[in-house]
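Summary of the model geometry
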Amino acid sequence: MFTIAHERPEHGPSLQPLLDAAFGPGRLGKRSYHFREGVEHDPDLAFVALIGRRVVGTIRFWPILVGREGTPALLLGPLAVLPALKGRGIGRALVRYALNEASLQGHRAVLLVGDPAYYRVFGFEPAADHGLAMPGEDTARLQVMALAPDGLADFGGEVRRAAPPTYARSDLNGLDAGASNAA
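Residues numbered from 1 in each chain as written. Predicted model: local features only at pLDDT ≥ 70, side-chain atom pairs only at ≥ 80, totals over all residues. Heavy atoms only, no water.

Once that is clear, we can look at the overall build of the protein. Along the protein, the regular secondary structure elements total 3 helices and 10 strands. Element order for the protein, N to C, with α for helix and β for strand: β-α-β-β-β-α-β-α-β-β-β-β-β. Considering only contacts in the protein between residues 6 or more positions apart, those separated by 24 or more positions represent 73%. Accessible surface, the protein: about 9,000 Å² in total, of which carbon and sulfur atoms supply 52%. (Helix = DSSP H or I, 4+ residues; strand = E, 2+ residues; numbered from the N terminus. Contact = heavy atoms within 4.5 Å. Areas by Shrake-Rupley, 256 points an atom, 1.4 Å probe, with all protein chains shown as cover.)

The next point concerns the packing of aromatic side chains. On inspection of all chains with the given rule, the structure shows 5 aromatic pairs. Ring geometry for Tyr-118 against Tyr-119: centres 4.9 Å apart, planes inclined by 80°, an arrangement best described as edge-to-face. Given a relative accessible area of 28%, Tyr-118 falls into the partly exposed group. By relative accessible area, which is 9% here, Tyr-119 ends up buried. (Phe/Tyr/Trp six-rings, centres within 6.5 Å; stacked < 30°, edge-to-face > 60°. Buried < 20%, exposed > 50% of the residue type's maximum accessible area, 1.4 Å probe, protein only.)

Take the nonpolar core next. Ranked by size, the top nonpolar core spans 38 residues in total, and within it Leu-76, Leu-99, Val-110 and Phe-124 carry the most contacts. Where this core is concerned, the elements lending two or more residues are strand E1 (2-6), helix H1 (12-23), strand E2 (47-51), strand E3 (54-66), strand E4 (71-81), helix H2 (90-104) and strand E5 (109-113). For this core, the element with the highest residue contribution is H2, accounting for 8 residues. Apart from the residues lying within four places of it in its own chain, the contact partners of Phe-124 are Leu-76, Leu-99, Val-110, Leu-112, Tyr-119, Gln-143, Val-144 and Met-145. The next biggest cluster of nonpolar side chains, apart from the first, holds 16 residues, and it includes Trp-62, Ala-73, Leu-111 and Ala-127. (Core = buried A, V, L, I, M, F, W, Y, C linked by side-chain atoms within 4.5 Å.)

Here the focus is the confidence of the model for the protein. In this model, the protein carries an average pLDDT of 87, and 85% of its residues clear a pLDDT of 70 or more. With pLDDT under 50 throughout, residues 169-183 is counted as low confidence; its partners more than four residues away or in other chains account for 34 contacts. (pLDDT = per-residue confidence, 0-100.)

With the rule as written, the count across this model stands at 2 salt bridges. A salt bridge links Arg-60 to Glu-7; its shortest N-O distance comes to 2.7 Å. Of this pair, Arg-60 sits in strand E3 while Glu-7 sits in the loop between E1 and H1, and the two are 53 residues apart along the sequence. Glu-7 shares its class with Arg-60; the two are buried. The salt bridge partner of Glu-10 is Arg-8, with a shortest N-O separation of 3.8 Å. (Salt bridge = Lys/Arg side-chain N within 4 Å of Asp/Glu carboxyl O.)

A word on H2. Residues spaced three or four apart along an α-helix point in a common direction, a consequence of the helix completing one turn every 3.6 residues. A rise of 1.5 Å per residue sets the reference length of H2, with its 15 residues, at 21 Å; its end C-alpha atoms lie 21 Å apart and thus fit the reference within 8%. For H2, the full list of buried residues reads Ile-90, Gly-91, Ala-93, Leu-94, Val-95, Tyr-97, Ala-98, Leu-99, Glu-101 and Ala-102. One or two steps after H2, the chain reaches Gly-106, where phi turns positive at roughly 90°. (Expected span 1.5 Å × (residues − 1).)

Next up, the structure:
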């Protein structure tokens, strides 16, 4: 049994080792990390999967801009689960939960760089089919999903880094999402 909760400061020390175990030391060299450098992830869309107090999974979203107009969107990633627990539904639960939260918060679209077969079940499609490109990324792995009925309307062009935003969490007492899922 695991729970999904908002990421909290006390989860921080567990995240880097989890990401290293899931992706290896070369993960920071991936092109998609360039879009995160110097930009704060959205703390309202940062979640962990917990077994007891142990962090066993993580997902975050980062602000990005799309096209010349700079249409705001989200970049999902990284999504990571402890390798020993893969295949137990933790990653799928994190993705579903986080996408639902992003939609409830009014975000229109989310992009990611990942395995198309894995993300297709959530509703992701090839971003190139919508005229989207991320410089330096494999177009076959760049995926997009609308979070609103018109989420991809007038949406196309090159993905860019967002300016560093400042977030303020409005409710520090309501951080535990409390969603439970079978492991």
